[in-house]
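Breakdown of the fold
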Amino acid sequence: MRRSPKETEDSARQVHRRSLLLGGAMTAMFAVLGARMRYLSVEQGDQFKLLAEENRISIRLLPPTRGLIQDRNGKLLAGNEQNYRVVITREDAGDVNAVLSKLAHVIPLTEDDLERATKEVKRNSPFAPITVADRVTWEDLSKVALNAPSLPGVSPEVGLSRVYPRDVDFAHVLGYVGPVSEKDLAGMETPDPLLTIPKFQIGKIGVERWMEDTLRGRAGTKRIEVNAVGRVMRELEREEGDPGADIRLTINADVQNFVQARLGDEAASAVVMDVQTGDIIAIVSAPSFDPNLFVRGISHTDYNQLTQNDHRPLANKTVQGLYPPGSTFKMITALAGLKDGVIAVDKHESCPGYLEVADRRFHCWKRSGHGKVNLERALSESCDVFFYEIAQKVGIDKIAEMGRRLGLGVRHDIPMSAIAEGIMPNKAWKAEKHKAEWRIGDTINASIGQGYVLTSPLQLAVMTARIATGREIKPRLVHAIDGKVVPIADQESLGIDAIALSKVRAGMYSVMNAERGTAKSSRIVDEALKWAGKTGTSQVRNISAAERARGVIANEQLPWDRRDHALFVGFAPFDNPRYSVSVVVEHGGGGSTAAAPIARDVILSALSEGLPPLTAYPSSQRNRIASMLEKLPLRNADGSAPSPSRS
């Protein structure tokens, strides 16, 4: 049936309308899709690009090179050496235990090594490389590389490790580095991301610890491409970090080595200071230890030997050790008395060998007494009774004030560990510490450096430097950082009368050079190098009245740990002071016999920057001194360990 023209026209109109509607709908749909695509690709493009990159790119930290530590002349004290190690990545390894078992057949690994590696793999990120073996040989590293196809996730690496070429000489000064521990992280508010790297090493004690931020440097980064499961495909970009700053200390490595060798196996310590600048030229605690053992992982056997040694090699006696200063404290009492006007220039005190106070007898070291003595002779012959009398008149508070002015009872700020403040007691201190009243007997004991008074060898060297100069000399251990010299602290006047200081110095000169001076046998005969000093002996046990009546037991007849400590302080040259020195020999007996001879050798070494000149010794002693010096295990000229012929 044929449609009429009108019907045909209506049908065409309907088709056209539908086409328009469909076309419009499709146009609208494409417009919406286009707008969405524009929004995603243009307005949100950067965000989605970043998400895609983060999914494809991994950023890892590159440890920086640790700064070097040198002596004042640029000699290396702490450096970095190439170190081969083997690492494993959990994500790449799959069955970690199986891979480690295979690895143990390729290179030597102990059960402890495997157990430690397994724990660290579980504790850290699956993408973090964990050190399985450190300081492996080139041969073992080659074996790992050859067996790589059967050791998934295992790879050989080359890195840097800390090394101390002068081992025992600087152990207590530099300290050592070790892996970051949970305890280390707990003490930091915002830990450096570097510290999250497994086995990353930081300073544990000494300069390494207290200047950690300076030595560590800034981490670098590398961008690596990883596949869908996180495996490394290639390195895309690397940005090296900044190495740590190099530090130059004030110490002279040659003098430090001489002092270390001279102290030998004694439980002793010595400090040498430049009295003009405060620079520490040598600071030695003996016996010492090899810090390289701790860097490499010290064995239980080696550690037990150190901790069970009664001479305490791990303790830094120079700043941590506290000792009654004995008669080296008498200069403090003398200066307090001179300042207070209770000592006149020509005034004498009588020493019958004891002083009775409050029904108690305080003895002089010389039982028969010294007779009539003035200040110079009292210092020269170390008369105790003279200082007992002065102390009663001046009082403990003024003595303590003078002690602190000269550096005792003060924590000196240098980058070393466990620096002790010591004790410079007064009435308020005892009331607070012991809830007790200060007694006259306490003052008398303190006047000769016994009782509550405790000092460190560093403090005694500072005290002597201040007496030698009359200025507030402050100890300094760091000379320069990355070539920039560290400023010397202000050296204000101590405000002590120059005549009073000259009287005390004269007494110290007589100790070394007067006929009856307690350290005359340790005098220096070279006129340009003559020196002044003071001996000290501090008791570590009480002497009963019964023992004193029948005769005090000699030190050499007592067990080692019950003998007196031997001390000595001094400065040289007398006319133009350059260095101060303090020496403490634990349980050494007398200061004149044990500490003074060491101090003389040490200060002559500092003055000559090498071996002491034999011409500085009395002619009768030169053969003995020459023989002693020849036997010292001194380092070779290049700083290497002593040759067998010298040891």
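Each chain has its residues counted from 1, running along the sequence as written. Note on the predicted model: pLDDT of at least 70 is required for a residue's local features to be given, and 80 or more for side-chain atom pairs to be given and counted; whole-chain, interface and lining totals, by contrast, use all residues. Just so you know, side-chain values use all the structure's heavy atoms and leave hydrogens and water out.

The next thing to look at is the packing of aromatic side chains. Aromatic pairs are defined between Phe, Tyr and Trp rings, using the six-membered ring for Trp, whenever the two ring centres lie within 6.5 Å; interplanar angles under 30 degrees are classed as stacked, those over 60 as edge-to-face, and all others as tilted. Tallying each qualifying case throughout the model produces 12 aromatic pairs. The interplanar angle of 45 degrees and the centroid separation of 5.2 Å between the aromatic rings of Trp531 and Phe568 together place this pair among those described as tilted. Here Trp531, found in the loop between helix 21 (498–513) and strand 19 (532–538), pairs with Phe568, found in strand 20 (residues 565–572); they are 37 residues apart in sequence, far enough to count as distant. Each of the two residues, Trp531 as well as Phe568, counts as buried. Plain terms: the ring middles of Phe571 and Phe574 are 6.0 Å apart, the flat faces sit at 20 degrees to each other, and that makes the pair stacked. By relative accessible area, Phe571 is classed as buried at 1%. Relative accessibility under 20% of the residue-type maximum defines a buried residue, over 50% an exposed one, and the middle range a partly exposed one, all with a 1.4 Å probe and only protein chains included. What makes Phe574 partly exposed here is its relative accessible area of 24%. When the ring centre of Trp210 is taken as origin, the NZ or CZ atom of Arg209, which lies over that ring, is 4.7 Å away. Comment: the charge-over-ring label is applied if NZ (Lys) or CZ (Arg) is within 6 Å of the ring centre and within 35 degrees of the ring normal. Note that Arg361 overlies the ring of Tyr354, its terminal NZ or CZ placed 3.7 Å from the centroid. We count a stretch as a helix when DSSP gives it H or I for four or more residues in a row; a strand needs E for two or more, and each element gets its number in order from the N terminus.

Looking now at the packing of helix 14 (residues 330–340) against helix 16 (residues 384–394). Lines are fitted to the C-alpha atoms to define the axes, a helix being fitted only along its stretch in contact, and any angle between axes, read from their N-to-C directions, falls within 0 to 180 degrees. Packing of helix 14 against helix 16 brings their axes to within 10 Å, and their N-to-C directions diverge by 45 degrees. In this view, helix 14 runs oblique relative to helix 16, as classed from their interaxial angle. Helix-helix and strand crossings are classified by hand; for helix 14 and helix 16 the assignment is left-handed. Here Lys330, Thr333, Ala334, Ala336, Gly337 and Asp340 of helix 14 lie close against helix 16, whose contacting residues are Asp384, Phe387, Ile390, Ala391, Lys393 and Val394. Residue polarity is assigned by list, with Asp, Glu, Lys and Arg as charged and Ala, Val, Leu, Ile, Met, Phe, Trp, Tyr, Cys and Pro as nonpolar; anything else, Gly included, falls into the polar class. For the contact of helix 14 with helix 16, the per-class residue count stands at 6 nonpolar, 2 polar and 4 charged. An angle below 35 degrees is read as roughly parallel, one above 145 as roughly antiparallel, one from 65 to 115 as roughly perpendicular, and any other as oblique. In this scheme, a crossing is called left-handed if the near helix is turned counterclockwise away from the far one by less than a right angle; it is called right-handed if the turn is clockwise. Any pair of residues with heavy atoms lying within 4.5 Å of one another is described as a contacting pair.

Here we come to the nonpolar core. Counting 54 residues, the largest nonpolar core has Leu335, Phe386, Leu406, Met463 and Val504 as the members making the most contacts within it. It is helix 16 that provides the largest number of residues to this core, a total of 7 residues. Filtering out sequence-adjacent residues up to four positions away, Leu335 remains in contact with Met402, Leu406, Ile467, Ile496, Ala500, Leu501 and Val504. Side-chain atoms within 4.5 Å link the members of a nonpolar core, which is a set of buried Ala, Val, Leu, Ile, Met, Phe, Trp, Tyr and Cys residues. Counting residues in each nonpolar core, the second largest holds 40 residues, with Ala286, Ile598, Val602 and Ala616 among its members.

Between any two strands, at least two bridges found by DSSP are needed for them to pair. With 2 bridges joining them, strand 2 (residues 69–70) and strand 3 (residues 76–89) adopt antiparallel strand pairing. The residue bridging Gln70 from the neighbouring strand is Leu76, located in strand 3. Connecting strand 2 to the antiparallel partner strand 3 that follows it, the hairpin turn spans 5 residues, and Gly74 within it adopts a positive phi of roughly 90 degrees. Taken together, the 10 bridges between strand 3 and strand 5 (residues 154–163) define a ladder with antiparallel strand orientation. Residue pairing across strands places Glu81 opposite Ser161, the latter belonging to strand 5. Bridge count between strand 3 and strand 4 (residues 129–134): 5 bridges; the pairing is antiparallel. Bridge assignment links Val87 to a residue of strand 4, and that residue is Thr131.

That bond from Ala286 to Pro287 is cis: its omega, -5 degrees, falls within 30 degrees of zero. Locating Pro287 in the fold gives a position in the loop between strand 12 (280–286) and helix 12 (292–296). Geometrically, the link from Ala572 to Pro573 is a cis peptide bond, its omega value of -15 degrees lying close to zero. Its place among the elements puts Pro573 in the loop between strand 20 and strand 21 (579–585).

Our next topic: the side chain of Ser285. Along the chain, Ser285 falls in strand 12. Accessibility expressed as a relative area gives 1% for Ser285, which makes it buried. Here Lys317 takes part through its backbone nitrogen, which lies 3.0 Å from a polar atom of the side chain of Ser285. Here Ser285 is in contact with His172, Gln260, Ala268, Ser269, Ala315, Asn316, Lys317 and Thr318, once residues within four sequence places are set aside. What qualifies as a polar contact is a pair of N or O atoms within 3.5 Å, subject to a donor-acceptor requirement within protein and to the restriction that residues adjacent in sequence count only when both atoms come from side chains.

This next bit is on a nonpolar patch on the surface. Judged by side-chain polarity, Leu22, Met26, Met29, Phe30 and Leu33 come together as a nonpolar surface patch covering roughly 510 Å² of accessible area. Among the secondary structure elements, Met26 is positioned in helix 1 (residues 5–43). Exposure above 30% relative accessible area and the absence of a salt bridge qualify a residue for a patch, where like charges join within 9 Å and nonpolar side chains (Val, Leu, Ile, Met, Phe, Trp, Tyr) within 5 Å. What sets the accessible areas is the Shrake-Rupley method with a 1.4 Å probe; for residues, cover comes only from the shown protein chains. In the sections that follow, a salt bridge refers to a side-chain nitrogen of Lys or Arg positioned within 4 Å of a carboxyl oxygen of Asp or Glu.

With respect to topology, 5 strands assemble into an open sheet ordered 12-11-21-20-19, the strand pairing being antiparallel. Looking at strand neighbours, the two that pair on one side only are strand 12 and strand 19, the edges of this open sheet. Taken over all neighbouring pairs, the strand axes of this sheet differ in orientation by 10 degrees on average, direction set aside. Sheet analysis places strand 20 next to strand 21, joined by 7 bridges and oriented antiparallel. Within strand 21, the position partnered with Val569 by the bridge is Ser582. The sheet strands contacting helix 21 are strand 19 and strand 20, and the helix crosses strand 19 at an angle near 75 degrees.

In short, the description is geometric, and any link to function would need to be established separately.
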